[in-house]
Amino acid sequence: MKITMVAVGRLKAGPEREMLDRYLDRADKAGRQLSLSFDLRELAESAARQPSARKAGEAESIAAAIPSGAVVVVLDERGKPVTSRALADRIAEWRDSGRDMAFVIGGPDGLAPDTIARADLRLAFGAMTWPHQLVRIMLAEQLYRTVTILAGHPYHRD
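For clarity, every value in this text was computed on a predicted model and none was experimentally measured. (Residues numbered from 1 in each chain as written. Predicted model: local features only at pLDDT ≥ 70, side-chain atom pairs only at ≥ 80, totals over all residues. Heavy atoms only, no water.)

Q: Would you mind going over the packing of helix α1 (residues 15-31) against helix α5 (residues 132-151) with me for this structure?
A: Any two packed helices are characterised by how steeply their axes cross, that is the angle between the axes, and by the distance between the axes. Relative orientation of the contacting elements α1 and α5 amounts to 20 degrees, with a least axis distance of 8 Å. Judged on the interaxial angle alone, α5 and α1 are roughly parallel. Viewed along their axes, α1 and α5 form a crossing whose handedness is left-handed. Along the contact surface, α1 presents Glu16, Met19, Leu20, Tyr23, Leu24, Arg26, Ala27, Ala30 and Gly31, while α5 presents Arg136, Ile137, Ala140, Glu141, Leu143, Tyr144 and Val147. (Axes fitted to C-alpha atoms, helices over the stretch in contact; angles between N-to-C directions. Helix = DSSP H or I, 4+ residues; strand = E, 2+ residues; numbered from the N terminus. Parallel < 35°, antiparallel > 145°, perpendicular 65-115°, else oblique. Left-handed = near helix turned anticlockwise from the far one by under 90°. Contact = heavy atoms within 4.5 Å.)

Q: How do you make sense of the pairing of strand β3 (residues 71-80) when you look at a structure like this?
A: A regular strand places its side chains so that they alternate between the two faces of the sheet. Among the 10 residues in β3, 7 count as buried, and that is most of the element. As paired strands, β3 and strand β4 (residues 101-105) are joined by 4 bridges and run parallel to one another. Within the sheet, the bridge partner assigned to Val73 lies in β4 and is Phe103. As for the winding sense of the linkage, the β-α-β connection from β3 through helix α3 (residues 84-96) to β4 is right-handed. (Buried < 20%, exposed > 50% of the residue type's maximum accessible area, 1.4 Å probe, protein only. Pairing = 2+ DSSP bridges. Right-handed = clockwise from strand over helix to strand, strands pointing away.)

Q: Please clarify how the sheet that holds strand β1 (residues 2-8) should be interpreted in this entry.
A: Where strands meet in a sheet, backbone hydrogen bonds hold them as pairs that are either parallel or antiparallel. Taken in spatial order, the 5 strands make up an open sheet running β2-β1-β4-β3-β5, and their pairing is parallel. Only two strands of the sheet have a single neighbouring strand rather than two, namely β2 (37-43) and β5 (121-123). Put simply, the sheet's adjacent strands are angled 30 degrees from each other on average, direction ignored. Here β1 pairs with β2 via 7 bridges, running parallel. Among the inter-strand pairings, Thr4 is bridged to a residue of β2, identified as Asp39. Against the sheet, α1 touches β1 and β2, its axis set at about 150 degrees to β2. Most of the contacts of α5 go to β1, to which it runs at about 170 degrees, and overall it touches β1, β2, β3 and β4.

Q: Just to check I follow, could you spell out the packing of aromatic side chains for this structure?
A: Note on aromatic pairs: each is described by the distance of the centres and the angle between the planes. For the structure on display, the rule yields 1 aromatic pair. Across from the ring centre of Tyr144, 5.6 Å away, lies the NZ or CZ of Arg26, which sits over that ring. (Phe/Tyr/Trp six-rings, centres within 6.5 Å; stacked < 30°, edge-to-face > 60°. Lys NZ or Arg CZ within 6 Å of the ring centre and 35° of its normal.)

Q: Could you clarify how one ought to interpret the pattern of salt bridges in this entry?
A: Note that side chains of opposite charge can pair when their charged atoms are close. In this structure the tally under the stated criterion is 12 salt bridges. For the salt bridge of Asp21 with Arg17, the shortest nitrogen-to-oxygen distance reads 3.4 Å. Of the two residues, Asp21 and Arg17 are both situated in helix α1; the distance of 4 residues between them amounts to about one turn of the helix. Under the relative-accessibility criterion, Asp21 is labelled partly exposed at 37%. Between Arg78 and Asp76 there is a salt bridge; the shortest N-O distance is 3.5 Å. Taking the relative accessible area as the measure of exposure, Asp76 reaches 7% and is therefore buried. Taken together, the shared-partner salt bridges connect Arg17, Asp21, Glu42 and Arg136 into one network. (Salt bridge = Lys/Arg side-chain N within 4 Å of Asp/Glu carboxyl O.)

Here's what the structure looks like:
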């Protein structure tokens, strides 16, 4: 099964990009034994002037980037905080059901209401607002952590 990270905006070269790539590479390598692979799709930010118009334009790009039939998880500060173990269990259930997964990170204005409405899970990394560049790294690390939890690797310590 494939896990796709769909993110609005492009992360430029630098330490953040290196860290993101490192976690995604680790997750992809470790995930092979669990029948999981990882993909990153970075989408252009909308050039529209109004936030609602930007979110609507980005919603179209996001919808096109989500694999057909995939479970959709949106990263949203008003979403549900879950433990790393609970996220790993959810991902294992989705994998075992034969469904691909898409984790969606919006741009600076957030996600359009219709993108949030189609989500199977609204996930929060706490109540704080995080820069979308850091959220990518945090999500990539949690996906790597998920793989290590499911593989029984000692990276995650309960």
